[in-house]
Amino acid sequence: MARAATTADAFNAVAEPRRRQILDVLAGGERPVNDLVRALELAQPQVSKHLRVLREVGAVDVREEGRQRLYRLNGRALKPIHDWVKSYERSWSERFDEMDVVLEDLKRKEQEDVGDDE
Amino acid sequence: MSEMTSSGSAKVTLPTDTQILITREFDAPKHLVYKAWTTAELVKRWWNAKRGEVTIADIDLRVGGTWRWVMVTDDGFEVAFHGEYRELVPNEKIVTTEVYEGMPDAAALNTLTLTEEDGRTTMTLLVDHASREHRDGHIESGMEAGMQDALDLLEQVAISLR
């Protein structure tokens, strides 16, 4: 899980609330930068700065259409985050599967103890 | 990206920006689940997750008492956690701090609760990385801050990934 302290990382890219807001808006579909400026109520240079970080990690793609630059979400770049949660879930699942075995033993022992008392 | 959870697997959700919630049902009464969490010999049997050997499972089970669990993975990597018990309700609740020794500045507060119905136990483990200064200053905590949103997003774009 150790990672270099760089913004060129999906985890870091989404750690910033404004950038998550941008991703939220783009989850609804492709948007020109003006739509994002309006939705976030931020100045365009700030929005552009966040978009640059998101582009660096591939979380958004951009294409030109006429005079507009259209941004869209690329979910694939966020997959490492999804994978991290899944691997965390998996390691706990495996622990608890082991605990099931322990609990079966404990239940059996308790029943034997009850049997001994009778 | 399909739903992988069955009744027998742990479910991980991210209720807030700083929390991780793990839930699991066990086919055993809660006093046995509590025992499995608080008895060193038993922890050594389940905490390894089949990935290695639990070499140390120190437990001083009292409020203010400390615990330290160490696992050596099959490829020789040592993973160590320690913490201090903050609240203990026998068979029902364990509140403890938790520090991953690979990242000693980032302490979490864990709340384990056990509820029983018809001989089955529902366990919830809430891991709370409450320190804001960490969240703002550290990559790891930042990661958690973004995860739920990212997961929500991924659900929305799951179709495009197929």
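Before reading on, note that the structure itself is shown above.
If you're wondering where the values come from, they're calculated on a predicted model, not measured in any experiment.

(A) View of the overall build of chain B. The helix and strand tally for chain B stands at 4 helices and 8 strands. Listed N to C, the secondary structure of chain B is β-β-α-α-β-β-β-β-β-β-α-α in terms of helices and strands. Taken across its 162 residues, chain B has 27% of its residues classed as buried. Partitioning the intrachain contacts of chain B with sequence separation of at least 6 by distance along the chain shows that 32% fall at a separation of at least 24.

(B) Main features of the sheet that holds strand 3 (residues 52-59) of chain B. Residue and element names in this part refer to chain B. Read across the sheet, 8 strands follow the order 1-2-8-7-6-5-4-3 without closing on themselves; strand pairing throughout is antiparallel. One side of each edge strand has no neighbouring strand; the edge strands of this open sheet are strand 1 (11-13) and strand 3. Taking the axes of each pair of neighbouring strands and ignoring which way they run, one obtains an average angle of 20° across the sheet. Pairing of strand 4 (residues 66-73) with strand 5 (residues 78-89), which is carried by 7 bridges, proceeds in the antiparallel orientation. Bridging from a neighbouring strand, M71 pairs with V79 of strand 5. Against the sheet, helix 1 (residues 30-38) touches strand 2 (19-26), strand 3, strand 6 (93-100), strand 7 (107-117) and strand 8 (120-128), its axis set at about 155° to strand 7.

(C) Main features of the pairing of strand 7 of chain B. Residues and elements named next belong to chain B. The pairing of strand 6 with strand 7 spans 7 bridges and is classified as antiparallel. Looking at the pairing, V95 lines up with T111 of strand 7. Hairpin connection between strand 6 and strand 7: a loop of 6 residues separates the two successive antiparallel strands. Looking at chain direction, strand 7 and strand 8 are connected through 9 bridges and run antiparallel. For N110, the partnering residue across the bridge sits in strand 8 and is V127. In sequence, strand 7 turns back onto strand 8 through a hairpin of 2 residues, with D118 there showing a positive phi of about 50°.

(D) Layout of the nonpolar core. If you look at the biggest cluster of nonpolar residues, it comprises 28 residues, and the most contacted ones within it are V102(A), L103(A), V33(B), A36(B) and W46(B). Secondary structure elements with two or more residues in this core: helix 5 (79-117) of chain A together with strand 2, helix 1, helix 2 (40-46), strand 4 and strand 8 of chain B. For this core, the element with the most residues is helix 5 of chain A, which contributes 6 residues. Ignoring sequence-local partners within four residues, the contact set of V102(A) consists of A36(B), L42(B), R45(B) and W46(B). Core analysis: the second largest hydrophobic core is formed by 21 residues, V14(A), L51(A), V57(A) and L78(A) among them.

(E) Examining the sheet that holds strand 1 (residues 31-32) of chain A more closely. All names here are of chain A. Pairing within the open sheet is antiparallel, and its 3 strands lie in the order 1-3-2. Edge strands, defined here as strands with exactly one partner in the open sheet, are strand 1 and strand 2 (60-65). The sheet contact formed by strand 1 and strand 3 (residues 68-73) spans 2 bridges and is antiparallel. Note that in strand 3 the partner of P32 across the bridge is L70.

(F) Structural context of the pairing of strand 2 of chain B. All names here are of chain B. A one-sided burial pattern is seen for strand 2, the buried positions being I20, I22, R24 and F26 and the unburied ones Q19, L21, T23 and E25. Strand direction decides the pairing type here: strand 1 and strand 2, joined by 3 bridges, are antiparallel. When the sheet's bridge partners are listed, K11 is paired in strand 2 with T23. Where strand 2 lies against strand 8, 8 bridges are found, and the strand directions are antiparallel. By the bridge assignment for strand 8, Q19 is matched with D128.

(G) Just the environment of H82(B), in detail. Residues and elements named next belong to chain B. Residue position: H82 is located in strand 5. Residues H82 and I59, spaced 23 residues apart in sequence, show a C-alpha to C-alpha distance of 9.7 Å. Once residues lying within four places of it in the same chain are set aside, the contact partners of H82 are T66, W67, R68, V99 and E101.

The rules we used
Residues numbered from 1 in each chain as written. Chains lettered and ligands numbered in written order. Predicted model: local features only at pLDDT ≥ 70, side-chain atom pairs only at ≥ 80, totals over all residues. Helix = DSSP H or I, 4+ residues; strand = E, 2+ residues; numbered from the N terminus. Buried ≥ 20, exposed ≤ 12 C-beta atoms within 10 Å, placed from the backbone. Contact = placed C-beta atoms within 7 Å. Pairing = 2+ DSSP bridges. Axes fitted to C-alpha atoms, helices over the stretch in contact; angles between N-to-C directions. Core = buried A, V, L, I, M, F, W, Y, C linked by C-beta atoms within 7 Å.

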